[in-house]
Amino acid sequence: MIDSLRTLIIVPAWNEEQNVGNTVREILSLDAGYDIVVVDDGSTDRTAEEARQAGADVLVLPFNMGVGGAMRTGFTYAQRHGYARAIQVDADGQHNPQDIAVVLDGLQNADISIGARFAEVGDYKARGPRRWAMKMLASVLSTVGRTRLTDVTSGFRAANRRAIDQYVRYYPAEYLGDTVDSLVSALHSGLTVTQVPVAMRPRAYGRPSQNPLGATVYLLRTTFALTLALLRGSRSGKASA
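Bear in mind the structure is a predicted one, so any value in this text is a computation, not a measurement.

Cut-offs used in this document
- Residues numbered from 1 in each chain as written.
- Predicted model: local features only at pLDDT ≥ 70, side-chain atom pairs only at ≥ 80, totals over all residues.
- Heavy atoms only, no water.
- Core = buried A, V, L, I, M, F, W, Y, C linked by side-chain atoms within 4.5 Å.
- Buried < 20%, exposed > 50% of the residue type's maximum accessible area, 1.4 Å probe, protein only.
- Helix = DSSP H or I, 4+ residues; strand = E, 2+ residues; numbered from the N terminus.
- Contact = heavy atoms within 4.5 Å.
- Polar contact = N/O pair within 3.5 Å; in protein donor to acceptor, adjacent residues only side chain to side chain.

With respect to the nonpolar core
Buried together is how nonpolar side chains tend to be arranged in soluble globular proteins.
Thinking step 1. Core analysis: the largest hydrophobic core is formed by 31 residues, its most contacted members being Leu8, Ile10, Phe75, Ile112 and Leu183.
Thinking step 2. Elements that contribute at least two residues to this core include exactly strand E1 (3-13), strand E2 (35-41), helix H3 (66-80), strand E4 (83-88), strand E5 (112-116), helix H5 (128-145), helix H6 (161-169) and helix H7 (177-188).
Thinking step 3. Aside from chain neighbours lying at most four places away, what touches Ile10 is Val37, Val39, Met71, Gly74, Phe75, Ala86, Ile87, Gln88 and Val89.
Thinking step 4. In terms of nonpolar packing, the next biggest core, distinct from the first, is built from 26 residues, Ala48, Ala51, Ala158 and Met200 among them.

Rendered as structure tokens:
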């Protein structure tokens, strides 16, 4: 039985013991009606324990599968438990829980709603090869999706039941597949996509690795991931209503 009001917050987490508890508590403080499942992606620290103590259900993967593998696990959980909507919120605190409702509202007009960092809100910036890659991806996927998209690598995205079912059928685990490949596959399956502007926050603890070499590798990987996704074409025809 699918309840149109039931929403699942999926929080993929890998070694985020310093952040995940605060993230869960912040979400619950905004709306205690949200159900939260933290997918512990093979962490070697206390991520699972901190998430449970904060009030989330926890799924523990036996080894690190990457964000894509964690999210497919979360979407499978959402499908099996009859959720009508699901949204990814990262454990590191960069996705502002106050924007969850805004991103979910985008589902009134589309199957997938993306919280976009480059949409005149906030001061998020990407430079050099990373910025070039993001602009290239956004341009190509805007053409594929027949709508203007500016941030197709954002993980802050919501899915309705049609999109949840599609993600369970195909949600890649490889690097960048969780954002780029999954979105291309969804578009090829006839799903619609929109974006809403959101502002990202800095990580509360820990530091993401960004340097010139890493940015160049990111550019090459995004190009490769997009090329494979476009060549793969439609996998399963139109999504069922």
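We are not done yet, so read on.
Observations concerning H6
Thinking step 1. Within H6, burial applies to Ala163, Ile164, Gln166, Tyr167 and Val168.
Thinking step 2. Residue Asn160 occupies the N-cap position of H6, its side-chain oxygen lying 3.1 Å from the main-chain nitrogen of Arg162.

Overview of unusual backbone geometry
Thinking step 1. Even without a glycine there, the phi angle at Asn15 is positive, about 50 degrees.
Thinking step 2. Note that Asn15 resides in the loop between E1 and helix H1 (20-30).
Thinking step 3. Of the residues examined, Asn15 reaches a relative accessible area of 30% and is grouped as partly exposed.

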